[in-house]
Amino acid sequence: MRFSNLYAPTTKETPKDAQLPSHIFLTRAGFIQQVGSGLYNFLPMGKIVFDKIRQVVKEEMDNAGAQEVQMGVVSPADLWQESGRYSVFGKELLRFSDRKENGFVLGPTHEEVVVDMVRNRINSYKQLPLHLYQITTKFRDEARPRFGLLRGREFTMKDGYSFHASQEDLVREFNLMEATYTRILERLGLKFRAVEADSGAIGGSGSKEFMVLAPNGEDDIVVCDGCNYGANIEAAKRAKKTTTLEAPQANPAKFHTPNQNTIEAVGAYLHVDPFYTIKAVIKKAVFQDKEAVVVFFVRGCDALQETKAQNACGALELTDATAEEIEKAGLIAGYCGPIGLPEGVEFYIDQELEGEANLICGANEQDYHWVGVKVASFKPSRFKDLVAVEAGDCCVACGGKLGITKGIEVGHIFQLGQKYSKAMNATFLDQNGKAQPFWMGCYGVGVSRLIAVMIETSHDEKGCIWNLQTAPYAVEIIVSNTKDEESLAYAVSLYESLKAKGVEVLLDDRNERFGFKMSDFELIGFPYAVVVGKDFKEGKVELVSRKTLEKEGMGIDVVEAEILRRLV
Ligand code: ATP
Ligand code: MG
């Protein structure tokens, strides 16, 4: 390709609202163009990168025995009603009606549609297992679309769905997908970790996320320094927290604590470490059929993990309760505790507190706390894992120290079990001729998100730094002065020769200043450039590596061999 023909509108202007390097550079370098909130066009170079990533994903899925299909972007609402997700998916699901008032959704994921694709067609265990996947557009009306391709509303996902005659066979496929995703990300040259994950709205049990390690990642991932335990903070476990601090000894009693309405204040007032206090976090929960205030109790030294809290009470959404809502529920902010809560207030206690003694908690009475509290006589169902694991906590698996790093989720694999097949009555006949719901798995890769991840993990202050696996072109030949006919003729011959050898090469033949062309090279980030400049008269050119920006002078007779050597 000649740059003079390429549609790659580069610009010095940083797009407004862009904070992350991948968003800024992919836009400035002419890979993508925003058309609306969370909506992007791919320009030619963006499309090349997209197709390369798509190809890696496709090859590995095909190698694993999955078959590519294509489902519609629009799905009938009926199918979503059948699974029960129509009402619980939340506002991310874009629902609409056609001219005949039939309901539809823009597919955010395709479990329902794929179940409908196979039910009554796969009838026997003999036709199983089956794994179907697609690489298509998804739409999720994200509350906060941002960071360019990292969190769009319209995006491309590889989503695969597998069907099995037994749970064992599902686990086998799940492990195969873990290996497949590992190969995909290794081929793309990314540093990542597979971590235990929360299963979210898709449901089921047993799920792992593939997290690319990146300082700008939105996800907190907990990793152990002693073993390979890793988990999303939403699902991370820790060994029960202990302390060497002496417990405050007191008989159970109500204690006057005027104006001590925070954990820190009460702790200081009573000379007790927050470890021995119980903190109340009061939330408003939105359920399918109602809204209610729910209280979560954790140790004063711990923080509530929102996703765990949401799972504990089965809410669709949690928000901080307002002062009004707290009062209306009969609660006293700053003095809320698990003993003597007003009738009907829903509450959960962190499981690490079960059976613990010598604690201090709010007395549900203005200016009073209980001291000498033992957490007993609550129903077992009140106790849930609620705390956010913190750096320095101990690993459940080996006792090592846990740390927290940032990651970007690029893939997620789930063991769905029989959730969808049961709800949608999708069955097969087993060896005994008995109808059984399919065992299902589902597996997603964020294909368009990966484009941004490539740059989020590889850039400098000048622009993108593509690796050879995903670069739109491996080499750019830059003619510093296109008016010099000899340099131009040489550059064209090198270009033709590389092209003939299968190298993805771009010839910058534009009639622009050399500095302008060089800064485009730095911004776009091709792995290598050959600069045909003033030394050409002496038979020399420069080979520039984008990663290091090092320039190496070399003879025009050896440069091609050197490029070919570096590209393998
Ligand atoms: P997130 O937690 O980042 O919102 P998710 O858990 O909702 O993602 P999944 O339903 O697991 O996403 O979807 C599978 C993959 O699709 C994710 O691992 C991610 O790579 C990609 N993906 C999800 N939402 C988006 C989005 N809004 N924009 C781009 N890619 C996305
Ligand atoms: Mg996910």
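Note that the coordinates shown come from a computational prediction; the quantities given were computed from them, not determined experimentally.

S.K.: Describe the overall build of the chain, with residues and values.
M.R.: For the chain, the helix and strand inventory stands at 14 helices and 31 strands. Buried residues in the chain amount to 52% of all 568 residues. Relative to all contacts within the chain whose residues are 6 or more apart in sequence, the contacts with residues 24 or more apart total 69%. Carbon and sulfur atoms make up 48% of the accessible area of the chain, which amounts to about 25800 Å² in all. One way to put it: in the chain the 66 positive side-chain charges average out to a point 2 Å from where the 79 negative ones average out.

S.K.: How would you summarise the site of ligand 1 if you had to cite specific residues and measurements?
M.R.: Around ligand 1, the structure places 15 residues, and the nearest of them are Arg 140, Glu 142, Arg 151, Gly 152 and Glu 409. Take Arg 151: an N or O atom from its side chain is 2.8 Å from an oxygen atom of ligand 1. In the environment of ligand 1, an oxygen atom lies 2.6 Å from a nitrogen or oxygen atom belonging to the side chain of Glu 409. Of all the elements in the fold, those that place two or more residues in the shell around ligand 1 are β8 (154-164) and β21 (402-417).

S.K.: Could you give an account of the layout of surface pockets, with specific residues and numbers?
M.R.: What the second largest pocket holds in volume is close to 360 Å³. In terms of residue class, the lining of the second largest pocket is made up of 10 nonpolar, 6 polar and 3 charged. Viewed by domain, the lining of the second largest pocket spans two of them, domain 1 (3-72 + 105-237 + 403-456) and domain 3 (475-566), each represented by three or more residues.

S.K.: Describe the coordination of the magnesium ion (ligand 2), naming the residues involved and giving the relevant values.
M.R.: Note on the magnesium ion (ligand 2): its protein donors are Glu 409 (OE) and His 412 (ND1). The metal-donor distances range over 2.2 to 2.4 Å. Accessibility expressed as a relative area gives 22% for Glu 409, which makes it partly exposed. Judged by relative accessible area, His 412 falls into the buried class, the value being 11%.

S.K.: Can you break down the pattern of salt bridges residue by residue, with the values?
M.R.: All chains considered together, the criterion is met by 45 salt bridges. Ionic contacts of the salt-bridge type, sharing partners, join the residues Arg 238, Lys 241, Asp 302, Glu 352 and Asp 393 into one network.

S.K.: Can you explain helix α12 (residues 485-500)? Please cite residues and give values.
M.R.: An α-helical turn contains 3.6 residues, so a residue and the one three or four places further along point in the same direction. An ideal rise of 1.5 Å per residue puts 22 Å on 16 residues; α12 measures up with 22 Å between its terminal C-alpha atoms. When we look at burial in α12, the residues that qualify are Ser 487, Tyr 490, Ala 491, Leu 494, Tyr 495 and Leu 498. Considered in projection along α12, the buried side chains sweep an arc of 135° and stay on one side of the axis. Seen from the buried face of α12, the exposed residues on the opposite side, beyond 90 degrees, are Glu 485, Glu 486 and Ala 500. Contacts made by the buried residues of α12 are with β27 (475-479), β28 (505-508), β29 (528-532), β30 (540-545) and α14 (559-567). Looking at the residues trailing α12, positive phi occurs at Gly 502, about 85°.

S.K.: Could you give an account of the sheet that holds strand β17 (residues 346-350), with specific residues and numbers?
M.R.: Taken together, the 5 strands give an open sheet; going across it, the order is β16-β14-β15-β17-β20, and neighbouring strands pair in mixed fashion. Only two strands of the sheet have a single partner each, and these edge strands are β16 (317-320) and β20 (383-384). Two elements, β17 and β20, share 2 bridges in a ladder whose sense is parallel. Note on β20: the bridge partner recorded for Asp 350 is Lys 384. The strands that helix α8 (residues 306-313) touches are β14 (278-286), β15 (291-299), β16, β17 and β20; relative to β16, the one it contacts most, it runs at about 120°.

S.K.: For the nonpolar core, give the residues involved together with the corresponding values.
M.R.: Counting 65 residues, the largest nonpolar core has Phe 31 and Trp 466 as the members making the most contacts within it. Shared between two domains, this core holds at least three residues of each, these being domain 1 (3-72 + 105-237 + 403-456) and domain 3 (475-566). Excluding anything up to four places from it in sequence, Phe 31 contacts Leu 26, Asn 41, Phe 42, Leu 43, Met 45, Gly 46, Val 49, Cys 464, Trp 466, Pro 472 and Ile 524.

Cut-offs used in this document
- Residues numbered from 1 in each chain as written.
- Chains lettered and ligands numbered in written order.
- Predicted model: local features only at pLDDT ≥ 70, side-chain atom pairs only at ≥ 80, totals over all residues.
- Heavy atoms only, no water.
- Helix = DSSP H or I, 4+ residues; strand = E, 2+ residues; numbered from the N terminus.
- Buried < 20%, exposed > 50% of the residue type's maximum accessible area, 1.4 Å probe, protein only.
- Contact = heavy atoms within 4.5 Å.
- Areas by Shrake-Rupley, 256 points an atom, 1.4 Å probe, with all protein chains shown as cover.
- Lys, Arg positive; Asp, Glu negative; His and termini not counted.
- Charge placed at Lys NZ, Arg CZ, Asp CG, Glu CD.
- Near = heavy atom within 4 Å.
- Polar contact = N/O pair within 3.5 Å; in protein donor to acceptor, adjacent residues only side chain to side chain.
- 1 Å grid on protein atoms, 1.4 Å probe; cavity = no way out; pocket = protein on both sides within 12 Å on 5 of 7 lines; lining within 4 Å.
- Points joined across faces, edges and corners; volume = space filled by probe spheres on them.
- Nonpolar A, V, L, I, M, F, W, Y, C, P; charged D, E, K, R; others polar.
- Domains from an automatic or database assignment.
- Donors = N, O, S within 2.8 Å, 3.2 Å for Na, K, Ca; no water.
- Salt bridge = Lys/Arg side-chain N within 4 Å of Asp/Glu carboxyl O.
- Expected span 1.5 Å × (residues − 1).
- Arc of directions from axis to C-beta.
- Pairing = 2+ DSSP bridges.
- Axes fitted to C-alpha atoms, helices over the stretch in contact; angles between N-to-C directions.
- Core = buried A, V, L, I, M, F, W, Y, C linked by side-chain atoms within 4.5 Å.

Read these as layout, nothing more, since geometry by itself doesn't imply function.
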